[in-house]
Amino acid sequence: MSDSAQSKIEPDDNCADLISEAITDQEGIIQVSLHPQDGRLEIDYDPTQISEPVVERVAQQVSPILQERWQTCTMRLGRQGGRACESCAIGLERQLHQLPGVRRATASFMGGTLAVTYNNQLISPDEISLHVQNLGVAVAPSAAEVAPTAPAPQPPATGLKHAWHWLMDGRLEAIFTVITLITMVGGLIAERQEAAVTATVLFVIAYIAGGTFGLQGGIESLRNRTIDVDLLMVLAAVGAALVGQPFEGAMLLFLFSLSNVLQDFAMDRTRNAIKALMELRPAQATVRRGDNVYQLPIEKVVVSDRILVKPGERIALDGVVVDGRSAIDQSSITGESMPVGKEVGDAVFAGTINKNGSLEIRVTKLAKDSTLAKLIQMVEEAQSEKAETQRFIDTAEQYYAIGVIVLTALVAVVPMLFLQEAFSEAFYRAMTVMVAASPCAIVISTPATVLSAIGNGARRGILFKGGVYVENAATIKVVAFDKTGTLTQGDPQVTDVVALDGQTSEDELLALAAAVEAKSEHPLAQATVKAAQKRNLSWTEATDFQATTGQGVRATVAGRHFWIGNGRFFQKFNPVGLDKAEAELDRLQKAGKTSVLMAEVDEAAGTAVLLGILAYADVIRPDAPDVVRALHANGVQHVVMLTGDNDAVAQQIAQQVGVDAYFADLLPEDKVTAVKKVREQYGPVAMVGDGVNDAPALATADIGIAMGAAGTDVALETADIVLMSDDLHNIPYTIGLSRKTRQTLLQNLGFAIFMILLMLGTIFFSGLALPAAVVGHEGGTVLVSLNGLRMLGYKPK
């Protein structure tokens, strides 16, 4: 049982996440919903665990969050700590949380991004960036920011050590790995030939080349009060040398370095989504100002400037076509495979390609505010937002690493003290245990997989707001569709043209109706004109057009007076043919269609002859039934439709689409209730809508999915997953990708844990040698990275 309390608020961006984080840990609070449209905060609570006065006090406590001005900025992070030092990222988040004005910070050194939600009245992004640099972390502006060049994160100016750090980053590690291999093999050959001095020199070089990066990463991690895998590997290698096994130690460092290089390559592939989006943005635009034409950097172009785009060029900024006609390849933004026709009045997006016609475009957004810039920022934020599994592993890693050190010490000390085993033998076994038990494969298993899935989605125009939504979308049991604009076309279309007088044909009736309604902006009138155009009909221009709100329109065509409207429009006439018309109207209404009458009227005589009926409906998308079947095939148990239409219309659409259930006559707040109801009955719910009038339901659902969100700021802010195009097939694709990602995560974690247990068991019962443990450890790490990387190439069956 639960009750609900509501408060009036003034919401701002990021409020929903901040409020949820602030109060959902309170015992008795079940769920928090923010409704931006009408400024309400809704708290669902269990009255048996918490009283209403306490809930009211909780709501008052979060009121400062609602009143402050919160914004989110993203930055690119350089490398920090050793391999996969996401525990270092947790330390950075903790440091940033202590800054005045910072509400939330999420960082990932694997993803290479930092996202900070801050109060712009108390702190600025430049101040945040300076603080990050003072912590010794290299940082650069978001790739979404427009600049003549896009610099990589630069080392903070705090000393030569950081310059050395950045000198060694990248290819130098690969070069050092090759040096380690050569000197390791040379040392082994020299050792076999009893050239002790040469062997020692070569092994020292191998240790320096193979251990420099690991030692530096381990020291940086220690400065962040974390124990990194790199440090464990270096200690194990040194330990091997101490017991007279320098080759095994060099081999450990070589394979560890090689694994690092391969891992960096794999993780870099997952970041290619941002690089690809950055490459879409032209550096300059051809701008017309008055009679002059200039080539200007896009950051110098202002709103209302006119830009000229030739065939084959990329559009530099968001805008509206003011002259010309062309087909635009929008695949880079929306994922649509076919070019989309654009003419005067149509919106276009930065980064898309003009295919075959010259266009003049009026700029509507600055380069930093374009849809492309927002996509880049969203992908960066997503790479900083870790999946729940990854956050758990990052937190547990430190305790595990301490456990490995303790186990290593026990394996070394206990046999010497109680079993009188030789130091060299016990210490060698302990170093082997340290290598085998180190959690490299466990740590890398989640980010490699999740970041690959985010990159895959971004290429298709599917934007996950973070790894947590990739993971959670795999648990969805119910998909709820807001009917209009998702399962249906979203615009009324003429479905029936019924001639009543026996003399006028359907085409003649439709042409006359188009002539009358061509001067109206009503959606039904526009649908009439489109239907006539689709049939290639022509008509005479109407005169004396008049509209009566809520009833209909009338006009004169070729000297004849025609009226089109509902029954109330003709009440004073008692029209000829009314009985036949009423029978047709009843039939069409039962079919869930909206109908209007058309008559020729003689006002002077007070007579009207009904010529026919036009029926309209918001028709379903042709692919909607296939998408519902695909959702069921992807493990979704229940598909429901939510609509504000009456029950008759809803039933017709539901039957055509094939959903399992529908809810009709819903207001926006009723959709929230419907989402809660199906969640209680079936489990986690994904809500699909346009992100505007269904924003409360999107916020209430476990996963909110906004369709066709390119250029729609509200949808980009509201949803957890944003589909940039109107392609319904992206919904089962999203569910399928998430389920495959979750399956791969379980595979990786299971394999990593199995390998650790297998190697430890073999060490204690069969005396597994250090080289074999090194191969198993590093091989497992590379395998889980490559397995996770497969998500970049995921395709549905």
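Note: the structure precedes this text.
Source: prediction; values computed, not measured.

K.L.:
Hey, could you run me through the overall build of the chain in this one?
P.N.:
Scanning the chain from N- to C-terminus turns up 27 helices and 29 strands. The proportion of buried residues among the 797 residues of the chain is 54%. Long-range pairs, those at least 24 residues apart, make up 68% of the contacts in the chain between residues at least 6 apart in sequence. Surface summary for the chain: the accessible area is close to 34800 Å², and the carbon and sulfur share equals 54%.

K.L.:
Whenever I open this one, the environment of T286 confuses me. Can you help?
P.N.:
Within the secondary structure layout, T286 lies in strand 8 (residues 284-289). Judged by relative accessible area, which is 18%, T286 ranks as buried. Residues T286 and L296, spaced 10 residues apart in sequence, show a C-alpha to C-alpha distance of 6.5 Å. At 2.6 Å, the side chain of T286 forms a polar contact with the side chain of Q295.

K.L.:
I would appreciate a short explanation of the sheet that holds strand 10 (residues 306-309) in the present structure.
P.N.:
Reading across the sheet, the six strands line up as 9-8-10-16-11-14 and stay open at both edges, with antiparallel pairing between neighbours. Since the sheet does not close on itself, it has two edges, and those belong to strand 9 (292-297) and strand 14 (347-348), each with one partner. Sheet topology places strand 8 next to strand 10; three bridges connect them, and they run antiparallel. Bridge assignment links V287 to a residue of strand 10, and that residue is I307.

K.L.:
Explanation requested: the packing of helix 21 (residues 624-633) against helix 26 (residues 730-766) in the structure shown.
P.N.:
When two helices pack together, you describe them by how their axes are tilted relative to each other and by the distance separating the axes. Contact geometry of helix 21 with helix 26 gives a least axis separation of 9 Å together with a crossing angle of 10 degrees. Classified by the interaxial angle, the pair formed by helix 21 and helix 26 is roughly parallel. Counting all contacts with helix 21, which are made through V627, A630 and L631, the residues of helix 26 involved are I731, P732 and I735.

K.L.:
Can you help me understand the pattern of salt bridges in this one?
P.N.:
Applying the stated rule across the entire model yields 17 salt bridges. Put simply, D369 and K368 hold a salt bridge, and the shortest N to O gap is 3.4 Å. When its relative accessible area of 30% is taken as the criterion, D369 is described as partly exposed. Taking the shortest distance from any N to any O, the salt bridge between D496 and K593 comes out at 2.6 Å. Remark: K593 occurs in the loop between helix 20 (578-590) and strand 23 (594-602) and D496 occurs in strand 19 (residues 493-499); sequence separation between them is 97 residues. Using a relative accessible area of 23% as the deciding quantity, one classes K593 as partly exposed.

K.L.:
Please explain the sheet that holds strand 26 (residues 661-663) as it appears in this structure.
P.N.:
Each strand in a sheet pairs with another by means of backbone hydrogen bonds, the pair being arranged parallel or else antiparallel. Judged by pairing direction, the sheet is mixed, and its seven strands sit side by side in the order 17-29-28-27-18-25-26 without closing on themselves. Edge positions in the sheet fall to strand 17 (462-464) and strand 26, since each of these pairs with one other strand and no more. Taken over all neighbouring pairs, the strand axes of this sheet differ in orientation by 20 degrees on average, direction set aside. Relative to strand 29 (residues 721-723), strand 28 (residues 703-706) is paired through two bridges, and the arrangement is parallel. Within strand 29, the position partnered with A706 by the bridge is V722. Contacts between helix 26 and the sheet are confined to strand 17, strand 18 (478-482), strand 27 (685-689) and strand 29, with strand 17 contributing the most and set at about 45 degrees to the helix.

K.L.:
Can you walk me through the environment of D720 in this structure?
P.N.:
Within the fold, D720 resides in the loop between helix 25 (713-718) and strand 29. D720 sits 22 residues away from L698 along the chain, and the two C-alpha atoms are 8.4 Å apart. Discounting chain neighbours no more than four positions away, the residues touching D720 are L463, F464, K465, Y469, D702, I703 and G704.

Procedures and definitions
- Residues numbered from 1 in each chain as written.
- Predicted model: local features only at pLDDT ≥ 70, side-chain atom pairs only at ≥ 80, totals over all residues.
- Heavy atoms only, no water.
- Helix = DSSP H or I, 4+ residues; strand = E, 2+ residues; numbered from the N terminus.
- Buried < 20%, exposed > 50% of the residue type's maximum accessible area, 1.4 Å probe, protein only.
- Contact = heavy atoms within 4.5 Å.
- Areas by Shrake-Rupley, 256 points an atom, 1.4 Å probe, with all protein chains shown as cover.
- Polar contact = N/O pair within 3.5 Å; in protein donor to acceptor, adjacent residues only side chain to side chain.
- Pairing = 2+ DSSP bridges.
- Axes fitted to C-alpha atoms, helices over the stretch in contact; angles between N-to-C directions.
- Parallel < 35°, antiparallel > 145°, perpendicular 65-115°, else oblique.
- Salt bridge = Lys/Arg side-chain N within 4 Å of Asp/Glu carboxyl O.

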